[in-house]
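In case you want the letters, here they are:
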Amino acid sequence: MFYICRQMQFFLHYFLHLIFPAAIAYTLGGNRWKKLYLILLATMLVDLDHLLATPVFSACRCSINFHPLHSYYAIAVYFFGLFFRKTRWWSAGLLLHMATDGLDCYLSLKTCA
Ligand SMILES: [Zn+2]
């Protein structure tokens, strides 16, 4: 169907984690885009839950439902946050993060086989 290698997967992963949020913040955030971009970047701190795992990093391990802040329960909480003005951008960033990690899980089926 399609070909993807580890390097492309790596590039796509960090593009979606670092560059794509800037495009979202710039497109939707008006003159507050820099602050909103920082919020989206700050949601990367959710990856601190990797510190609880052994080993801390494993290239072919799926984060979703493995790490506590990447669990379906946590994702439900992030979704709930979309309904409140004060948490909306944090939730959007966390859900984008989960979608990116989820895509990575899917791609790993091909690249880690
Ligand atoms: Zn993650």
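Residues numbered from 1 in each chain as written. Predicted model: local features only at pLDDT ≥ 70, side-chain atom pairs only at ≥ 80, totals over all residues.

**With respect to unusual backbone geometry**
Stage number 1. Here Thr54 and Pro55 are connected by a cis peptide whose omega angle stands at -5°.
Stage number 2. Within the element layout of this structure, Pro55 appears in the loop between helix 2 (33-42) and helix 3 (72-81).
Stage number 3. In this structure, Asn65 is a non-glycine residue whose phi angle is positive, near 65°.
Stage number 4. As for its placement among the helices and strands, Asn65 is situated in the loop between helix 2 and helix 3. (Helix = DSSP H or I, 4+ residues; strand = E, 2+ residues; numbered from the N terminus.)

**Quick word on the environment of Tyr3**
Stage number 1. Its place among the elements puts Tyr3 in the segment before helix 1 (6-28).
Stage number 2. The spatial distance from the C-alpha of Tyr3 to the C-alpha of Pro55 is 28 Å, given a sequence separation of 52 residues.

**Some points on the packing of helix 1 against helix 2**
Stage number 1. The geometry of helix 1 relative to helix 2 is characterised by a closest axis approach of 8 Å and an angle of 145° between their N-to-C directions. Judged by the sense of rotation from one axis to the other, the crossing of helix 1 with helix 2 is right-handed. Contact with helix 1, carried on its side by Pro21, Ala22, Ile24, Ala25 and Tyr26, involves Trp33, Leu36, Tyr37, Leu40 and Leu41 of helix 2 and no other residues of that element. (Axes fitted to C-alpha atoms, helices over the stretch in contact; angles between N-to-C directions. Left-handed = near helix turned anticlockwise from the far one by under 90°. Contact = placed C-beta atoms within 7 Å.)

**Focus on the nonpolar core**
Stage number 1. Counting residues in each nonpolar core, the largest one holds six residues, listed as Ala25, Leu36, Tyr37, Leu40, Trp89 and Ala92.
Stage number 2. Those elements giving two or more residues to this core turn out to be helix 2 and helix 4 (88-111).
Stage number 3. Ala25 has contacts with Trp33, Leu36, Tyr37 and Leu40, leaving out every residue within four places of it along the chain. (Core = buried A, V, L, I, M, F, W, Y, C linked by C-beta atoms within 7 Å. Buried ≥ 20, exposed ≤ 12 C-beta atoms within 10 Å, placed from the backbone.)

**Side note on the confidence of the model for the protein chain**
Close inspection of predicted coordinates is inappropriate in any region flagged by low pLDDT.
Stage number 1. With 98% of its residues at a pLDDT of at least 70, the protein chain reaches an overall mean of 93.
Stage number 2. Here helix 1 is the element of the protein chain with the lowest mean pLDDT, 93, and helix 3 is the one with the highest, 98. (pLDDT = per-residue confidence, 0-100.)

**What about helix 2?**
Stage number 1. Of the residues making up helix 2, those classed as buried are Leu36, Tyr37 and Leu40. The arc that holds the buried residues of helix 2, viewed along the axis, is 105°, so those residues lie on one side. For helix 2, the exposed residues set more than 90 degrees away from the buried face come down to Lys34, Lys35 and Ala42.
Stage number 2. In this fold, the buried residues of helix 2 make contact with helix 1 and helix 4. (Arc of directions from axis to C-beta.)

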